[in-house]
Amino acid sequence: VSLGDNALAIPGVGPKTAAAVISALGANASSFSSSTKFIGYLGFYPQIYESGETRHDNKISNRGPKYLRWALYLSAVACVRHNKELKSLYYKKLSQGKTGKQAMICVAKKLAIIMFAIINLANLTILIEFLSAPEVFQRSLTYFVLYSL
C-alpha cells in the first residue's frame with residue numbers, strides 16, 4: 001500500500017490530485033507539523049484588505065502553489081458529486097450564506113485536511129509495520145545504540 005493508494009480511496013480524488021498533494025507534503029509529510037500549517041501554505045485562508053473606509057473581504061490569498069489549489073478545487077467539484085460527507089458540507093456552507101465558489105473552497109480546504117491526515121496515517125502504518133518486524137527492529141535498535149553514543 002502506497003501513499004497514493006490511500007489518497008485515492010477518497011471518492012472524487014484522482015491520481016493527479018493525489019500526486020500533487022504528495023509532492024507538496026513530501027514522502028513522509030514532515031514538511032508540515034500540522035494541517036493548519038499545510039492549509040496556510042496552500043493559501044486557503046482569507047485575505048483582508050483595508051484602507052481608510054474601503055474594505056475588501058472574502059478573497060482567498062494567492063500565496064502557495066497555484067497548481068495545488070487548482071487541483072484541490074477541481075477535486076472538490078468531483079467530491080461534491082461523489083462524496084456524501086463533502087456534499088453535505090457544501091450545502092451546509094451554501095445555507096450559511098456563502099457563495100458557490102466560497103462553499104467549494106471550504107470543501108477543497110476540508111479535502112486537503114483529510115488528505116494530510118490520510119498521508120500521515122499511512123506513514124504511521126508503515127512505521128508500525130517496520131517496527132513490528134523483529135529482525136529489522138533489532139538491527140535498528142543496535143544501530144541507534146552504537147551510533148548515538
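Residues numbered from 1 in each chain as written. Predicted model: local features only at pLDDT ≥ 70, side-chain atom pairs only at ≥ 80, totals over all residues. Heavy atoms only, no water.

## Considering the overall build of the protein
Piece 1. The helix and strand inventory of the protein stands at seven helices and two strands.
Piece 2. Ordered by position from N to C terminus, the α and β elements of the protein give α-α-α-β-β-α-α-α-α.
Piece 3. Contacts spanning at least 24 positions in sequence make up 58% of the contacts within the protein whose residues lie at least 6 apart.
Piece 4. Of the roughly 9,700 Å² of accessible surface on the protein, 60% is carried by carbon and sulfur atoms. (Helix = DSSP H or I, 4+ residues; strand = E, 2+ residues; numbered from the N terminus. Contact = heavy atoms within 4.5 Å. Areas by Shrake-Rupley, 256 points an atom, 1.4 Å probe, with all protein chains shown as cover.)

## Details of the side chain of Ser75
Piece 1. Mapped onto the elements of the fold, Ser75 is located in helix α4 (residues 66-82).
Piece 2. Not counting residues up to four positions away in its chain, the partners in contact with Ser75 are Gly12, Val13, Gly14, Thr17 and Leu111.

## Points about helix α5 (residues 84-95)
Piece 1. Spanning 12 residues, α5 covers 16 Å between terminal C-alpha atoms, matching the ideal 16 Å at 1.5 Å per step.
Piece 2. Buried residues of α5: Leu86, Leu89, Tyr90 and Lys93, and no others. Down the axis of α5, the buried set is contained in an arc of 100 degrees. They therefore lie on one face. Within α5, the exposed residues directed more than 90 degrees away from the buried face are Lys84 and Ser95. (Expected span 1.5 Å × (residues − 1). Buried < 20%, exposed > 50% of the residue type's maximum accessible area, 1.4 Å probe, protein only. Arc of directions from axis to C-beta.)

## What about helix α3 (residues 35-42)?
Side chains that are three or four residues apart share a direction in an α-helix, a result of its 3.6 residues per turn.
Piece 1. Of the residues making up α3, those classed as buried are Phe38, Ile39 and Leu42. An end-on view of α3 places all buried positions within 100 degrees of arc, on one side of the element. Exposed residues on α3 whose side chains face more than 90 degrees from its buried face are Thr36 and Lys37.

## Here's the deal with the environment of Ser35
Piece 1. Considering the arrangement of structural elements, one finds Ser35 in helix α3.
Piece 2. For Ser35, a relative accessible area of 21% gives the class partly exposed.
Piece 3. Separated by 82 residues in the primary sequence, Ser35 and Ala117 have C-alpha atoms spaced 7.6 Å apart.
Piece 4. In this structure, Ser35 is in contact with Ile113 and Phe116, ignoring residues within four places of it in sequence.

## Some thoughts on the packing of aromatic side chains
Piece 1. Here the structure, examined in full by the defined rule, presents four aromatic pairs.
Piece 2. Seen from their ring centres, Phe32 and Tyr41 are 5.1 Å apart, and the 45 degrees between their planes marks the pair as tilted.
Piece 3. Here Phe32 falls in the buried class, since its relative accessible area comes to 13%.
Piece 4. When the ring of Phe38 is compared with that of Phe116, the centres are 5.9 Å apart and the planes differ by 25 degrees; the resulting orientation is stacked. Taken as a pair, Phe38 in helix α3 and Phe116 in helix α6 (residues 100-132) lie far apart in primary sequence, 78 residues in all.
Piece 5. Given the relative accessible area of 0%, Phe38 is considered buried.
Piece 6. The class of Phe116 is buried, set by a relative accessible area of 6%.
Piece 7. Aromatic rings pair up to connect Phe32, Phe38, Tyr41 and Phe116 into one cluster. (Phe/Tyr/Trp six-rings, centres within 6.5 Å; stacked < 30°, edge-to-face > 60°.)

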